[in-house]
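A structural walkthrough
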Amino acid sequence: MITKEAPAAAPAPTPAVPEAPRPDRKRPAWDEVPRWQIYLPLGIYLVFTLIPFYWILLFALRPTGSTSLVPWPMTTEHFEKVWTDRGFGTYFTNSVYVGLATLVMTTLVALAGGYALARFDFRIKRGFMLALLCSQFVPGALLLVPLFEIFAELQMINSLGSVIIAETVFQLPLSIILISNFIKNVPYSLEEAAWVDGCGRFRAFRIVVLPLLRPGLIAVGSFAFVHSWNHFLFALMFLNNQSKQTIPVGLNSLMSADSVDLGALAAGGIVAAVPVVIVFAFIQKWLITGFSAGAVKG
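Residues numbered from 1 in each chain as written. Predicted model: local features only at pLDDT ≥ 70, side-chain atom pairs only at ≥ 80, totals over all residues. Heavy atoms only, no water.

Summing up its helical and strand segments, the chain has 12 helices and zero strands in all. Start at the N end of the chain and walk to the C end: the helices and strands fall as α-α-α-α-α-α-α-α-α-α-α-α. Across the 298 residues of the chain, 35% fall into the buried class. For the chain, the share of sequence-separated contacts (at least 6 apart) that also reach a separation of at least 24 residues comes to 72%. (Helix = DSSP H or I, 4+ residues; strand = E, 2+ residues; numbered from the N terminus. Buried < 20%, exposed > 50% of the residue type's maximum accessible area, 1.4 Å probe, protein only. Contact = heavy atoms within 4.5 Å.)

Shown next as structure tokens:
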């Protein structure tokens with residue numbers, strides 16, 4: 001009897017040996033960077049930033065004629081001199097009035113203009129936006145002659161109102177653009193829901209949209225206040241009476257062609273800088289929120 005042999009089984013395939021992973025050259029993580037590589041540049045930058053402030057404090061607090069590098073014994077004679085003898089008390093009051101009035105006017109007008117650009121469509125919308133952007137390239141010095149002629153016709157020369165209007169006009173283009181971007185980030189459906197509930201457009205804006213714009217309004221208002229506080233040109237050209245001048249013009253009056261009172265100038269600089277520093281210290285969280293997340297809240 002003839003039998004057939006069973007075919008030989010095929011050899012089992014040998015399992016593939018996985019290749020060894022190639023070492024990848026990865027950049028070190030932030031936590032793995034040595035601390036000195038982070039703190040050393042920051043420390044150098046901090047030193048170069050604080051040296052001018054220390055120098056101002058040194059001249060403002062040390063006695064007249066002293067050459068010490070340490071303000072000891074301290075004196076307040078320079079602050080008393082600029083506040084009373086040089087009229088910085090009046091300059092400070094005028095600057096606060098101009099800054100707050102510019103803040104309010106810029107914020108209100110920019111809020112109305114920004115809402116119109118964000119929520120309405122009209123034929124000259126793009127042209128108007130282009131005009132606002134182009135106006136940012138015009139220096140303030142070019143506005144002096146036309147503004148001076150207008151204020152002279154209105155008999156507003158040597159009035160704080162002229163400076164307030166000029167500062168507001170100068171701040172409005174950028175403020176309107178910023179506010180319109182903040183309003184665009186607010187969902188339109190929120191206003192529509194308020195309309196369905198019976199609110200008019202103005203009431204819906206006041207109840208629903210306006211609270212969400214708080215970071216943007218603080219950002220725009222703070223820039224308007226700081227710019228008007230530090231601006232020198234408009235106050236110099238439109239104000240002739242010393243009792244109407246602001247702090248930047250008062251600082252300029254401390255310097256003459258023959259001599260400069262460094263102690264009084266340093267004290268006046270501190271008087272001018274401290275309010276701005278205090279304002280930014282209180283509103284910094286709102287500024288960060290406004291610039292990073294707009295006005296959107298979930």
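On to helix H1 (residues 35–61), then. The end-to-end C-alpha distance of H1 is 36 Å, a good match for the 39 Å that 27 residues give at a rise of 1.5 Å each. Roughly 30° is the biggest bend found in H1, and it falls at Leu-50, with proline Pro-52 one to four residues downstream. When H1 is considered as a whole, its buried residues turn out to be Ile-38, Leu-58, Phe-59, Ala-60 and Leu-61. (Expected span 1.5 Å × (residues − 1). Bend = angle between axes of the 7 residues up to and from the residue.)

Attention now goes to the side chain of Ser-228. By the secondary structure assignment, Ser-228 is in helix H9 (residues 214–230). By relative accessible area, Ser-228 is classed as buried at 8%. Among the polar contacts made by the side chain of Ser-228, one reaches the main-chain carbonyl oxygen of Phe-225 at a distance of 2.9 Å. In this structure, Ser-228 is in contact with Val-98, Gly-99, Thr-102 and Glu-167, ignoring residues within four places of it in sequence. (Polar contact = N/O pair within 3.5 Å; in protein donor to acceptor, adjacent residues only side chain to side chain.)

Attention shifts here to the confidence of the model for the chain. Averaged over all residues, the pLDDT of the chain equals 80, while 85% of them reach at least 70. Ranking the helices and strands of the chain by mean pLDDT puts helix H3 (residues 88–119) first, with 90, and helix H12 (residues 262–293) last, with 77. Note on residues 293–298: pLDDT under 50 across the span, and 12 contacts to partners over four residues away in sequence or across chains. (pLDDT = per-residue confidence, 0-100.)

Of all hydrophobic cores here, the largest spans 19 residues; its most connected members are Leu-111, Ile-176, Ile-179, Ile-183, Phe-205 and Leu-213. Counting residues per element, this core draws most heavily on helix H6 (residues 160–184), at six residues. Ranked by size, the runner-up nonpolar core spans 18 residues in total, among them Tyr-91, Ile-247, Ala-266 and Ala-267. (Core = buried A, V, L, I, M, F, W, Y, C linked by side-chain atoms within 4.5 Å.)

Within the structure shown, the criterion is met by 12 aromatic pairs. The interplanar angle of 70° and the centroid separation of 5.4 Å between the aromatic rings of Phe-88 and Tyr-91 together place this pair among those described as edge-to-face. Residue Phe-88 and its partner Tyr-91 are both found in helix H3; the two are separated by three residues, about one turn of the helix. A relative accessible area of 0% means that Phe-88 is categorised as buried. A centroid spacing of 5.2 Å and a plane angle of 85° characterise the contact between Phe-151 and Phe-238, whose relative ring orientation is edge-to-face. Here the residue Phe-151 occupies a position in helix H5 (residues 144–153), and Phe-238 occupies one in helix H10 (residues 233–238), the gap between them amounting to 87 residues. Connected via pairs of aromatic rings, a cluster forms that spans Phe-148, Phe-151, Phe-170, Phe-234 and Phe-238. One cation-aromatic arrangement involves Arg-62 over Phe-59; the distance from NZ or CZ to the ring centre is 4.6 Å. (Phe/Tyr/Trp six-rings, centres within 6.5 Å; stacked < 30°, edge-to-face > 60°. Lys NZ or Arg CZ within 6 Å of the ring centre and 35° of its normal.)

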